[in-house]
Each structure stands twice: as structure tokens, then as C-alpha cells.
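Each chain is listed here by its residues.
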Amino acid sequence: MTHPERTALLLARGATLHWDVLSDSASPTTTVHDPALAADWLDDDPDVLAAARTVAYVEWALAWWPASTVAGVPQLDRRLLRAEAAVAAAGIDHVLDEDTVTGTLWAARDAVPALAAVPGARAAGLAARLAELAEDNGIVLTEPAAPARADLALAAGGPPVGRDVVVLRGTSPVDWALVPQGVVDAAAHASWTVLRRDGSSVVEVSVPRAPGARRAGLAARFGPVEVALDLPAGDGPATGRAPVPDAVVLLPAGERTLTVYAPDFAVPDRLPDPDAPARRAAIVALARTRVGSPGATLAEYVAGA
Amino acid sequence: MLGPVSVLPGERTVPRAALLARAWSLLGDGVAPLTNAAGRPLARTVKLILDPLVLRPVLNPGFAAGAVSGAHADDLVATITAAGPALRATAEWYLLVKRARRRAGITEGHPQDLYFQRCFELATTHGRPGADAERVAADVVEEVHAGASRLTAEDLRRYLTDPANAGELDRLLRAARHPVPDPARDPGPDPGVAAFLVSGDTAGFPALVAANAGSRGAAELAGPGVARGYGLSDRTVPVPPELGDRASKRDLPRPLDRSVLERLFTTVTGSDPAGLPALVRREIDRTGRAWQLGEEASRVTMVLGRDASAGLEHEPTSGAQRRLRSRWDREAYVHRVLRLPDPAAAGVPEALRADILGVRRAYLRRLWVRLHGREVRGGEVTADALWDLLDGVLRSVILDQRDRLRAALERLVAAR
């Protein structure tokens, strides 16, 4: 099975379809669980497979789209993604388990204003089709509430001044699996600095955020030390500092690593994955080719425009 | 793509869905409102109209699910073609009924679920919509949504707590308490249960029912902690239920700890109020029976589900256990692909974490609720639906967990 980060998955009736997003192949790997159910649609024509791939690809983008300022990959509008998935799913309802279509339409119920903001026939057509399907399935499309702007407080404190002496510094990539999509810059490294200040040692951590940053509580582990991170309003980096034992400078380099994670989302107990850097670079490169491309999903086509 | 497929030696068959698609494509644009973008009849068109009202496999066994043999294939296409005018009229009626719904400002319910069969009925009685069609459509919408004579949860609560009834119902509830079977005298599992687990063959189901294999398998529930281990109770040993005077969908107790009110209030809503006293008496009777279920077929299903789901906790040892286990193992990969929260993470509610880490308990709980609901509505478990039920319950548990993990993810990520 392909690595989860590069897998577009469709859970269909009696079978699972996998596409490797890094591969050009349009035909999926199919795992049949219930031959009798899957026989109803497995021999369908290419149009059905194309719609199936759209549904799976959108799920992939919702989970793994590598939004990154340093790599120039804008965040996608998740409402546009969901609208496209819902319309594609409804077109192949005979391939999907019962109530999948209703579920995708429900997830897209707040997409109308996002579609209305996109000029052109493609968005208008999608909006019209979405409205029709929602009515047929008893889903009421909603106007979203105005976004809450409660957290406008500025990040406390400025950069440290004066008597600090930098002892050590370094960077570590952020493991995508430890944070939700769109919270941390997918391509930038988190950085750490050990300072001596007034006779004691502190570690300072800075984690670049994704563009259009979605917010989730973040924390970091530096060697044995847990560092709480503050997220400023806007896209600025998440930062934090914590005292460290002076002996931290004596740790082997392999243990002076920084692990960034979202405590509500993941448990930072994963072993390092040697394949991750190359795989993630390839996914970021893929995303760069998709942004602005007319053949991509509407969300990718209009992203960053 | 629609070529014949050989399934049995010497018999040419065609997948049923492929035949339906071929027959459907001959009906033309007139059935577009019943069709998906791939040109297939909507799943609900098949489920609500074609199967029960046009093809009727009960009367025409040759049209039943799966593969259709050559001789029946032509019949099937001809049957759908013959229904073409009615189906096209159904589509026209559906558009009118939908417009009437919009005009009436109604948003609840699934329109296809609510109106498809009514529209087919209109098509067969009225033909295509005529001069008075708008009025007829408005009447249908009004009728479907008139809730005047439907039973509500509040009716049930009032009935159970009415002093005029409570005394008698309490007496019945006490009388229903059959002597608890002695675990030491448990005659042991029926060998048919083991045979089912190995082969997955459901043909022996009626024999298991006749042998009371379900009731026999319930004796262990009286042992300390057994029902709790199955997720069916929070008590060391379940105690007989009360009538109850309040119920909320949100924090329902474990199935065997539910009051009569809590057992019935979601299931009976919408049924005929005249049946209420009988519904309550049947439920009271159930509470005293093995597994607290009224039909032996349900109890046998509980025993089969209990044993088939053991492979979710331990290395599976039989075909049935492996089948459930492989579905569950697949789900771990699905969670990673969808980048869902780790069940051990702080943002995942405790109840959800417990359901994922103790999936067998979640499974047996839902299986009981399904079987109970089926009994209350008067349905019964049949051998040919057995595996769909046992597997379908796990599927439903998995989908529910996935939805709850998605909801947990939505909560922990805030859009700026």
C-alpha cells in the first residue's frame, strides 16, 4: 500500500480504490472486499473512474495539501474542495456506500459563498449543481456565521535583548502526521536556539505557520523538555521558550532534536521516517504544478490568484 | 463492458447492475431526475422504485441480486422497458412534488426517501401529471409531512408515568423477571455456532434457532463482569430495568442498563399511537428474557456476533473472525490516509477513544441495538440477511467512529 501521505483513497461499495497522487496513472489499485457488491460497478467506463478519482483526490487535498509560504504553495479553500467532491460523488452514487453522498453534501453545505466569490462559468455551474443535489437530498445550504475574531491579542514580548549568549542552534522538519493540515508550513523547518541567560539555559522554539494559517494548539519537545507554543494572530510563527538543564549541550546531536506536534491531534511517539524528506519534497513539487492549472480542481485553479 | 460473465460452468450470466444500467439507458432523458451523472439509476431509484415496485425479486426470483442468467436477463430488460411510461411519469411527478415542497417551505427529511414511492404510485394511478397536478402534488407533500397521528417520545413518557398505568406495568415488569440461569449449568456452546464461525455458512441458522443456541449462550451474562466486558452494561451483573421517566439520546446508558422508556423512545417515534400499550408490554416481556431480546433468532445472532467479534480483540481463529478483523485492520490505514486524530491524543473525547480502543464492545452494543430495534418494528432476522447484519454492524460502527474523529478534528482546528 502506498504511504498514507501520497494516497488518494475512495471507499467504494465492496472495494477500496487507491491512487498514488505522485503517479501519473489514472487507473487505481483496487482491493475488492465484497466481490458481489463490487461487480455492480467495477467494469464501469472511464468517466466514472475520473469522478471517483476526483472524490478521492479532494479527500487527499483536505488531509495533506502542503500549504507553505517558503515553497509558494497557497492554502486551498476547503469549501471549494468539498463542493467539488460532493458534486463528483453524487454523479457516481451507484459506486458509493449508501449515505456517502448525503454526507459529502452535508460537508459542503457552507460552500455557496465561496463559490459565489469565484468568477467564471465553472464555479457558477458547480454552485447550481450543488444547490440542485442538496435539494434532492434534503440538505439545507447555509450561510456561514461571520468568522470569530476573538484572538487578536498580540504575541507577548519582543525578541530577547541584552545579555543572552547563543550556545547552540539548529532546525528540524515538522512531521506532517503530527499536525493537522494547514497549521504548520509544510516545507519550512522549525528552529530552536539554546541561550544562556543570567546563569541559566533556555531553549527558544519558532515554528513557521502555513499561509492562511488554520489554528490548532501546538507544542514542541526538545530532547527531554516540553515547550508550549503560542500562536500569534495572523500567519506569524508559533513561538515558545522553556528552561533546559545546562547539560543539554552535552546531549548527543541525535537527541538534540525538536519534535513539533499538536497535542490534541497526535502523540509524538513516531520513529523517524528516512523516506519522508524525499516524499514530502515530491508532494510539494506536485502541489506547485497544480496551483493555477485549469485541469486541476477548482480550488487549486483559483488558489493564490 | 456489459458482456456476459460465466459464473457457473455452462451458465451465462450478466451482473445485475450492468443489466439495470443497460435497461435504464433505453428509457431516455425522461427519467433524468431519477438518474445520476454517470447515467445510472440513482441508488435510491433502485432501492425504492425498481426493486420493490418494478422488478419485485420476491415474485420474480430470476431477477434477484447478484448475477442474472441469460434467459432472465432479457425479461429483466423487458420489464423495465415496459415500466418506462410509468417511470417517466414518476420523474415528472417528482419534480412537481419537489416544487410543492419548496413552496411549502419544508426542509426536513430526505426528499427522495419521502417522495419516490409516492410519485411512482401517482404515476400508476394518474399517469402523467394533468391539469390538477399541482394540487395533487401539494396534497402529497401535506400528507407526508402531517404528523398529527404519529406517536411521540412524550406520548410514551406520559403513558409510562401515568399513575393509572404505572401500577400494572410495574407488576408486569416484576413478573417478567425470569429466574436467572445458573452459569454452572450452562450446557456449553452449540456446535453449530463453531461451524458457522469456521465456514461463514448461514444455512445452519434455523437449526441453531430451533436448538435455542442463543438462549443457551446467554447464561454467562449472569457471571460477574461478563456483560460489562461485552459493553452491554456498566454493572458487575446487570439488574432488571425500571420503567423510567426520562430519556435523552445524548447519554443513553449501556443497553442492558436502559429503562423501558430509554429502550423504546427512539424506535417507536412516528408509529401508530393505538399500538402503544402492546409495544410497552412486549418490551417489558423482553426485559426478562435471555439477552433481553424477545426472539430466539435475535439471541442466536447475538451469540454469533459475540463469537465472530472475538477476533477484534485477539488473533482471529476462524473465517468469520478474520472477515471482521480484516475490515477493522483496514480502518487503521484509512485513518492515516485521512489524517484523522490519533485516538490517544488529548483532543479525542474519552468516550470515542474507549469505542475505538474497545471496538468489540462498541460492536456488540450496536448489534444489540439493531436487533432490538428490528424486534420493536416487527422485523425478524433471516439466515440470508445474517452476514449482512453481522458485517454491517461493524461497518456502521467504523463509519460512526470516522465521523466522530472528523468532528474532533474540526473542533481542534479553528479557521482564522
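Read on for an overview of the structure. Just so you know, these numbers come straight off a predicted model, no measurement behind them. (Residues numbered from 1 in each chain as written. Chains lettered and ligands numbered in written order. Predicted model: local features only at pLDDT ≥ 70, side-chain atom pairs only at ≥ 80, totals over all residues. Heavy atoms only, no water.)

All names here are of chain A. The element strand S1 (residues 7–12) is extensively covered by neighbouring structure, given that 5 of its 6 residues are classed as buried. Pairing of S1 with strand S2 (residues 15–20), which is carried by 6 bridges, proceeds in the antiparallel orientation. Paired with Ala 12 across the two strands is Ala 15, which belongs to S2. Hairpin remark: S1 followed by S2, antiparallel, with 2 residues in the connecting loop; positive phi at Gly 14, about 80°. (Buried < 20%, exposed > 50% of the residue type's maximum accessible area, 1.4 Å probe, protein only. Helix = DSSP H or I, 4+ residues; strand = E, 2+ residues; numbered from the N terminus. Pairing = 2+ DSSP bridges.)

The next thing to look at is the nonpolar core. With 61 residues, the main nonpolar core has Leu 10, Trp 60, Trp 65, Leu 115 and Leu 130 of chain A as its most contacted residues. Per-element accounting of this core gives the leading share, 12 residues, to helix H2 (residues 46–64) of chain A. The contact partners of Leu 10 of chain A, leaving out residues within four places of it in the chain, are Ala 15, Thr 16, Leu 17, Trp 19, Ala 52, Val 55, Ala 56, Val 95 and Leu 96 of chain A. One finds Leu 9 of chain A together with Leu 304, Trp 328 and Leu 386 of chain B within the second-largest nonpolar core, a separate group that totals 51 residues. (Core = buried A, V, L, I, M, F, W, Y, C linked by side-chain atoms within 4.5 Å. Contact = heavy atoms within 4.5 Å.)

Time to look at the interface of chain B and chain A. If you look at the interface, chain B gives 45 residues, while chain A gives 52 residues. Taken together, chain B and chain A are joined by 7 salt bridges. Across the salt bridge formed by Lys 47 of chain B and Glu 98 of chain A, the nearest N and O atoms sit 2.6 Å from each other. Here chain B and chain A share 23 residue pairs in polar contact (both at pLDDT 80 or more) between them. Of all elements in the fold, only helix H2 (43–55), helix H4 (84–103), helix H5 (111–126), helix H16 (319–337) and helix H19 (383–412) of chain B reach the threshold of two or more residues within the side of chain B that touches chain A. (Salt bridge = Lys/Arg side-chain N within 4 Å of Asp/Glu carboxyl O. Polar contact = N/O pair within 3.5 Å; in protein donor to acceptor, adjacent residues only side chain to side chain.)

Using the criterion set out here, one finds 4 aromatic pairs over all chains in the structure. Where Tyr 94 of chain B meets Phe 116 of chain B, the ring centres are 5.0 Å apart and the plane angle is 75°; that geometry is what we call edge-to-face. Residue Tyr 94 of chain B is found in helix H4, and its partner Phe 116 of chain B is found in helix H5; the two are separated by 22 residues along the sequence. Owing to a relative accessible area of 0%, Tyr 94 of chain B belongs among the buried residues under this scheme. On the basis of relative accessible area, Phe 116 of chain B is assigned to the buried category, the value being 0%. Here the aromatic residues Tyr 57, Trp 60 and Trp 65 of chain A are joined through ring pairs into a cluster of three or more. In this structure, Arg 109 of chain A is placed above the aromatic ring of Trp 106 of chain A, and the distance from its NZ or CZ to the ring centre is 3.9 Å. (Phe/Tyr/Trp six-rings, centres within 6.5 Å; stacked < 30°, edge-to-face > 60°. Lys NZ or Arg CZ within 6 Å of the ring centre and 35° of its normal.)

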